[in-house]
Amino acid sequence: MSGIMGVYYANHQPIDSSNLARMLDTLSHRGREQASMWHEGSIGLAHCLLCTTPESQLEKLPYCDRTQGLSITADARIDNRQELIDWLKLEAPSPDCITDSQIILAAYQKWGQKCPQKLLGVFAFAIWDKRQQQLFCARDFFGIKPFYYHHSERVFCFASEIKALLRVTEVPQQLNELRIAEYLISNLDDREITFYQDILRLPPAHSLTISARGKVIRRYGRLDSEYELKLGSPGEYAEAYQALFKQAVNRRLRSSGTVGSLLSGGLDSSSICCMARDLLEGSDRKLHTFSGIFPGLPEADRQYADERFYLERVLESGSFISHQVRGDTLSPLYQQEQIFAHTDEPYMGPNYYLNWALYEQAHQQEVRVLLDGIDGDTTVSHGFEFFADFARRGRWLKVIREARQYTRRMRSHGVSSSAAGMIWKLAVLPQLPDFSRIWQQLRGNDPWYDASLIKPDFARRLNLPQRVRQLEKSDVPNRTARQNHWQALNIGIHPYVLELADKGTSAMGIEPRYPFFDRQLVEFCLSVPVEYKFHNGWTRYLPRVGMKGILPKAIQSRISKADVGRNFKRKLIQEEHRTLTRLLADPQRIAPYVDIPKLKASYQKCLSHQGSDDDIFCLYTTVNLFLWLKRLD
């Protein structure tokens, strides 16, 4: 998880190296192996290196190819290395002698601004093209590597984290009230906005070109929402899934240091750990696993939050080095001052405290690469859209048969379920007009008001209702199952969560890697016919069947999902009473944004155990905003 940064003056003003030096110092935690900068005339680049692959040990960044007039700084791991080396005809004693930044630079020389389309993996990079007098920047397909920037008539600067941009003299430090409003209503659809006015994020799958002529942003790729893969049988789809998943995990095991993996006991993290176990078999490397456990919770909560039964099934299946963190001893505001120092913004992550503790544990074990199961649910899809899709086709017998198989399976696990209720909810209702939404729109109501603590006057001043309604226009009814799957893969929460994870892992000198965000695996899962996403009464059919013999049977057939939020709800009220009281005693810092009477009423409901999930979550995000603004002051 290296750090990149740079400054460019379109008016040909010479670079002030002290700006670069301050940025480099601010991001030193992202890579302590090597820190250096390069500047020439009005352009300057800098880099701090964290070695996570064998090839990265040869990196010397920023790198300048004076013959071609190209200079690059990059935070990247390229997965289709050999394919690109062959295409580009790169010569070296061995492929291991060619760095990822050299591959990116050669790709730019051959394909110009189309080069990101050819790259598989994760990356954020900037290339200065002296001949064209332009700076070309790009971010990977899913936004795993961060890229923040500021652009004005005078200066363009970029960095892996906001805090580095704030060290540049010309960058203003002004709050963005629109981001505060969207934070309070939990709207993450805008992939560019930040809490600072005039500091933006480059969206995933986009490139950016800066020159004296100005800024141009282009989207270089998107998932195909129409293509359907045709194979002969369910077994062939399962075999193809296993092959691609194996490839995705294997690509992410390429490391120059110790590899670990988060392990919850769910289908996603268990699949990663068991596949990695098999791939590492015969080597001298063992996979470290990191898990949150909750043995101290009351039984009513522990049975939903604590996954030790499933953890043990995975751990007994192979040779792992297991590490466990007592999540039930931690508060949702655990290490918050340190977290704020790295997130640079208020964060929306009720279970982020647990992730932070797991990152700390991985750091203590000198793990350099950490595998993570985010976001297998979305990539694979539970497949419930099957019911509406087949109902529209008039395939009601198939709908009824699958509903009966599913409910029988649920009842065999002690979960009450009705086939008729399932058909009504998943097959019939999606085809009817949403009368509730229509009625709310006719009355001029905005349902997100009820589920948030935002001050109505503040929302109206920013014209927030209209902004939300514009975003809702993309919520088209009667989409096909594949279109719904595509939509789920393209919502703003994914880059947000990935950016949040990046800040936590970079604080610990760790690179996170996500097998379920492998582009080829995602494209395959999206293209699978919906009847093989939900099949024979099974949700997530392909990973269950495709991982047979690799996953323990208890995991393969698991239908439950842990609810670690139960610890969050309990601990927020029990252990943060003093913080909450301080907020309510002096709420002036958030009074311009938050409905204070509603906040107090919500807190009282939570104290008396009458608060809803919305009450708890809004209380948490409001406290987060309050503490961050106080810290900012």
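As shown above, the structure is provided for reference.
Presented here is a report on the structure given in the accompanying data block. Just so it is clear, the model here is predicted, and its values are computed rather than measured.

Scanning the protein from N- to C-terminus turns up 28 helices and 17 strands. On C-alpha atoms alone, the protein measures out to a radius of gyration of 25 Å, which is about the 26 Å that the 2.2 N^0.38 rule sets for 633 residues. With 633 residues in all, the protein has 57% of them scored as buried. The long-range fraction of contacts in the protein, counting pairs at least 24 apart against all pairs at least 6 apart in sequence, stands at 72%. Per element, the accessible surface of the protein, about 26300 Å² overall, is 48% carbon and sulfur.

In terms of nonpolar packing, the biggest core is built from 123 residues, with Val7, Met23, Phe125, Ile590 and Leu599 touching the most fellow members. Looking at this core element by element, the count peaks at 10 residues for helix α28 (residues 613–632). In this view, isoleucine 590 contacts Leu583, Ile596, Leu599, Thr622, Leu625, Phe626 and Leu629; residues no more than four positions away in its chain are not counted.

Attention now moves to the side chain of serine 602. With respect to the secondary-structure elements, serine 602 resides in helix α27 (residues 596–607). The class of serine 602 is buried, set by a relative accessible area of 3%. A polar side-chain atom of serine 602 sits 3.1 Å from a polar atom in the side chain of aspartate 615. Excluding its chain neighbours within four sequence positions, the residues that come into contact with serine 602 are Leu453 and Asp615.

This part takes up the pattern of salt bridges. Between side chains of opposite charge, a pair can form when the charged atoms approach closely. For the structure shown, the criterion picks out 53 salt bridges. The partner of aspartate 79 in a salt bridge is arginine 77, and the shortest N-O contact between them spans 3.0 Å. Neither aspartate 79 nor arginine 77 differs from the other in exposure class; each is buried. Here lysine 503 and glutamate 345 are joined by a salt bridge, their closest N and O atoms 3.6 Å apart.

Now for the sheet that holds strand β13 (residues 258–262). Spatial strand order, β15-β14-β13-β16-β17: five strands in an open sheet with parallel pairing. Only two strands of the sheet have a single partner each, and these edge strands are β15 (320–326) and β17 (511–513). Averaged over all pairs of adjacent strands, the angle between their axes in this sheet comes to 30°, without regard to strand direction. Sheet analysis places β13 next to strand β14 (residues 287–293), joined by three bridges and oriented parallel. Each residue of the ladder has a partner; that of glycine 260, found in β14, is histidine 288.

So, about the packing of aromatic side chains. Following the criterion strictly, the structure yields 30 aromatic pairs and no others. The interplanar angle of 75° and the centroid separation of 5.0 Å between the aromatic rings of phenylalanine 387 and phenylalanine 534 together place this pair among those described as edge-to-face. Here phenylalanine 387, found in helix α13 (residues 386–392), pairs with phenylalanine 534, found in the loop between α22 (519–527) and α23 (541–546); they are 147 residues apart in sequence, far enough to count as distant. Residue phenylalanine 534 is classed as buried on the basis of its relative accessible area of 0%. Judged by centre distance (5.1 Å) and plane angle (90°), the rings of phenylalanine 568 and tyrosine 620 are edge-to-face. One end of the pair, phenylalanine 568, is in helix α25 (residues 565–575); the other, tyrosine 620, is in helix α28, with 52 residues separating them in the sequence. For the pair phenylalanine 568 and tyrosine 620, one class covers both residues: buried. Three or more aromatic residues joined by ring pairs make a cluster, and in this case those are Phe384, Phe386, Phe387, Phe390, Tyr406 and Phe534.

Let us now look at the environment of valine 522. Its location among the elements puts valine 522 in helix α22. Relative accessible area serves as the criterion here: at 0%, valine 522 is assigned to the buried category. Spatially, the C-alpha atoms of valine 522 and leucine 244 are 9.5 Å apart, while their sequence positions differ by 278 residues. Discounting residues that sit within four places of it in the chain, valine 522 has contacts with Phe142, Leu223, Thr379, Leu489, Phe516 and Phe517.

Attention now moves to a nonpolar patch on the surface. Where nonpolar side chains cluster on the molecular surface, the patch consists of Trp396, Leu397 and Ile400 and spans about 300 Å² of accessible area. Counting through the fold element by element, isoleucine 400 comes out in helix α14 (residues 396–412).

Running from amino to carboxyl end, helix α20 (residues 481–489) crosses α22 at an angle of 150°, the nearest separation of the two axes being 9 Å. Viewed along their axes, α20 and α22 adopt a mutual orientation that is roughly antiparallel. Note on element contacts: α22 touches α20 through Val522, Cys525, Leu526 and Ser527, opposite Arg482, His485, Trp486 and Leu489. Across the contact of α20 with α22, the residue classes break down as five nonpolar, two polar and one charged.

Definitions and cut-offs
- Residues numbered from 1 in each chain as written.
- Predicted model: local features only at pLDDT ≥ 70, side-chain atom pairs only at ≥ 80, totals over all residues.
- Heavy atoms only, no water.
- Helix = DSSP H or I, 4+ residues; strand = E, 2+ residues; numbered from the N terminus.
- Rg over C-alpha atoms; globule rule 2.2 N^0.38 Å.
- Buried < 20%, exposed > 50% of the residue type's maximum accessible area, 1.4 Å probe, protein only.
- Contact = heavy atoms within 4.5 Å.
- Areas by Shrake-Rupley, 256 points an atom, 1.4 Å probe, with all protein chains shown as cover.
- Core = buried A, V, L, I, M, F, W, Y, C linked by side-chain atoms within 4.5 Å.
- Polar contact = N/O pair within 3.5 Å; in protein donor to acceptor, adjacent residues only side chain to side chain.
- Salt bridge = Lys/Arg side-chain N within 4 Å of Asp/Glu carboxyl O.
- Pairing = 2+ DSSP bridges.
- Axes fitted to C-alpha atoms, helices over the stretch in contact; angles between N-to-C directions.
- Phe/Tyr/Trp six-rings, centres within 6.5 Å; stacked < 30°, edge-to-face > 60°.
- Patch = residues over 30% accessible without salt bridge, like charges linked within 9 Å, V, L, I, M, F, W, Y side chains within 5 Å.
- Parallel < 35°, antiparallel > 145°, perpendicular 65-115°, else oblique.
- Nonpolar A, V, L, I, M, F, W, Y, C, P; charged D, E, K, R; others polar.

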